[in-house]
Amino acid sequence: MTPTPHRTNPRPQGTNAHPLRFGYGTNGLADLRLDDALALLADLGYDGVGLTLDHMHLDPLAPDIAARTRKVARRLDALGLGVTVETGARYVLDPRRKHGPSLLDPDPADRARRVDLLIRAVRIAADLGAHAVHCFSGVLPADPTHLADPAAPADPAATADPAEDSAWKRLAETLTPVLDAATHAGVPLAVEPEPGHLLATLADFHHLRRILGDPPALGLTLDIGHCQCLEPLSPADCVRAAAPWLRHVQIEDMRRGHHEHLPFGDGEIDFPPVLEALAATGYQALTVVELPRHSHAGPHFAAQSLPFLHRAARAIPAGAEGSTP
């Protein structure tokens, strides 16, 4: 393919000295070759890409992953695209279990496979110059009774569910070597609260943070749609509350109580206040459009999404950006 010259992204008027930087997730461009997807995003004017490590793009299990990563790094640099590494591929580890195995799996060997994937992701992210590595906890096992330890001493901070308490301890234990790798690589690990998972809300993120002792490498992926779906705060208030730990942002439309990623305008979110809150925090990493179920028309939605976000950014009142909450 002939290299596509990077086009300077036209900034919406009214943004501050550190304007928001928008990206698009490759999990929403799964039918495109990675090189074609990156060229498309650069041509459309995106600032970066949320790169999901998967077999159809950058396969983290490929024997020549180091060479492939170097090639992608050169391509990103040539196109002027920033990158965040995402690890939400559905079947990258197990062709029969969506997002399996997880960090909470009953089998220690299966948990180790997920840990290995995340450590690989950290190394890839470091080689790409990525802003962060995204991950999530996984769901509780179908039969969580094996998690409970009746001989364990009482924990005053525990919940009323011994199996859930043990799941939190398991999550902390499995994430510890990943956080060690992230610390060594200088790449934040950005955990995403995911509806239906053990770690589903901002409150759950803080619970994990306390269990782990608030390690500097532990950050947060905030999905704006998830805030609309189930958080008690508005999406803009979620941004303000999450600001100190914010390392990665995903964005799409959504409706209250329904975990369905929607194109902008198809849900209930008022986006100018959300972008205003992001700008006010000084957040400078990528804000990545997350439409994984729209890959069948990925180029169309990529082309539609950036102008929408620019219009929403232009709606921020003059002088509202740049101040901390």
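Coordinates for the structure precede this section.
Our subject in this report is the structure included herewith.

How each quantity is defined
Residues numbered from 1 in each chain as written. Predicted model: local features only at pLDDT ≥ 70, side-chain atom pairs only at ≥ 80, totals over all residues. Heavy atoms only, no water. 1 Å grid on protein atoms, 1.4 Å probe; cavity = no way out; pocket = protein on both sides within 12 Å on 5 of 7 lines; lining within 4 Å. Points joined across faces, edges and corners; volume = space filled by probe spheres on them. Nonpolar A, V, L, I, M, F, W, Y, C, P; charged D, E, K, R; others polar. Axes fitted to C-alpha atoms, helices over the stretch in contact; angles between N-to-C directions. Helix = DSSP H or I, 4+ residues; strand = E, 2+ residues; numbered from the N terminus. Parallel < 35°, antiparallel > 145°, perpendicular 65-115°, else oblique. Left-handed = near helix turned anticlockwise from the far one by under 90°. Contact = heavy atoms within 4.5 Å. Core = buried A, V, L, I, M, F, W, Y, C linked by side-chain atoms within 4.5 Å. Buried < 20%, exposed > 50% of the residue type's maximum accessible area, 1.4 Å probe, protein only. Phe/Tyr/Trp six-rings, centres within 6.5 Å; stacked < 30°, edge-to-face > 60°. Pairing = 2+ DSSP bridges. Right-handed = clockwise from strand over helix to strand, strands pointing away.

## What to know about the layout of surface pockets
And step 1. The space that makes up the largest pocket amounts to roughly 570 Å³.
And step 2. What lines the largest pocket is a set of 30 residues, among which Asn27, Gly88, Arg90, His99 and Pro292 lie closest to the centre.
And step 3. Its residues assigned to classes, the lining of the largest pocket comprises six nonpolar, 14 polar and 10 charged.

## A word on the packing of helix H1 (residues 34-44) against helix H9 (residues 298-314)
And step 1. Where H1 meets H9, the axes come as close as 10 Å, and the angle between the chain directions of the two elements is 25 degrees. Taken together, the axis directions place H1 and H9 in an arrangement best described as roughly parallel. By crossing handedness, the relation of H1 to H9 is classed as right-handed. Residue-level inspection shows Leu40, Leu41 and Leu44 of H1 in contact with H9, the latter providing Pro299, Ala302, Ala303 and Leu306.
And step 2. Among the residues making up the contact of H1 with H9, the classes are represented as seven nonpolar, no polar and no charged.

## Topic: the nonpolar core
And step 1. Of all hydrophobic cores here, the largest spans 86 residues; its most connected members are Tyr24, Leu58, Leu128, Leu171, Leu175, Leu222 and Leu275.
And step 2. Among the elements that take part in this core, helix H4 (residues 162-185) stands out by supplying nine residues, more than any other.
And step 3. Excluding anything up to four places from it in sequence, Leu222 contacts Leu202, Cys227, Cys238, Val239, Ala242, Leu246, His248, Val249 and Gln250.

## What about the packing of aromatic side chains?
And step 1. Tallied over the full model, the rule gives four aromatic pairs.
And step 2. A centroid spacing of 5.8 Å and a plane angle of 70 degrees characterise the contact between Tyr24 and Tyr46, whose relative ring orientation is edge-to-face. Of this pair, Tyr24 sits in strand S1 (residues 21-25) while Tyr46 sits in the loop between H1 and strand S2 (48-52), placing them 22 residues apart in sequence. Taken as a pair, Tyr24 and Tyr46 share a single burial class, namely buried.
And step 3. On the numbers, 4.9 Å between centres and 5 degrees between planes, the contact of Phe264 with Phe308 is stacked.

## What about the side chain of Asp204?
And step 1. You can see Asp204 is positioned in helix H5 (residues 202-212).
And step 2. Not counting chain neighbours up to four residues away, the residues in contact with Asp204 comprise Trp168, Leu198 and Leu199.

## Regarding the pairing of S2
And step 1. Of all five residues making up S2, five are buried, and the element is well covered by its neighbours.
And step 2. On S2, burial covers both faces: Gly48, Gly50 and Thr52 on one face and Val49 and Leu51 on the other are all buried.
And step 3. Where S1 lies against S2, three bridges are found, and the strand directions are parallel. Residue pairing for S2: Tyr24 is matched across the bridge by Val49.
And step 4. Tracing the backbone out of S1, into H1 and back to the parallel element S2 gives a crossover that is right-handed.
And step 5. Pairing analysis gives five bridges linking S2 to strand S3 (residues 82-86), with the strands arranged parallel.

Purely spatial values, then, with no claim about function.
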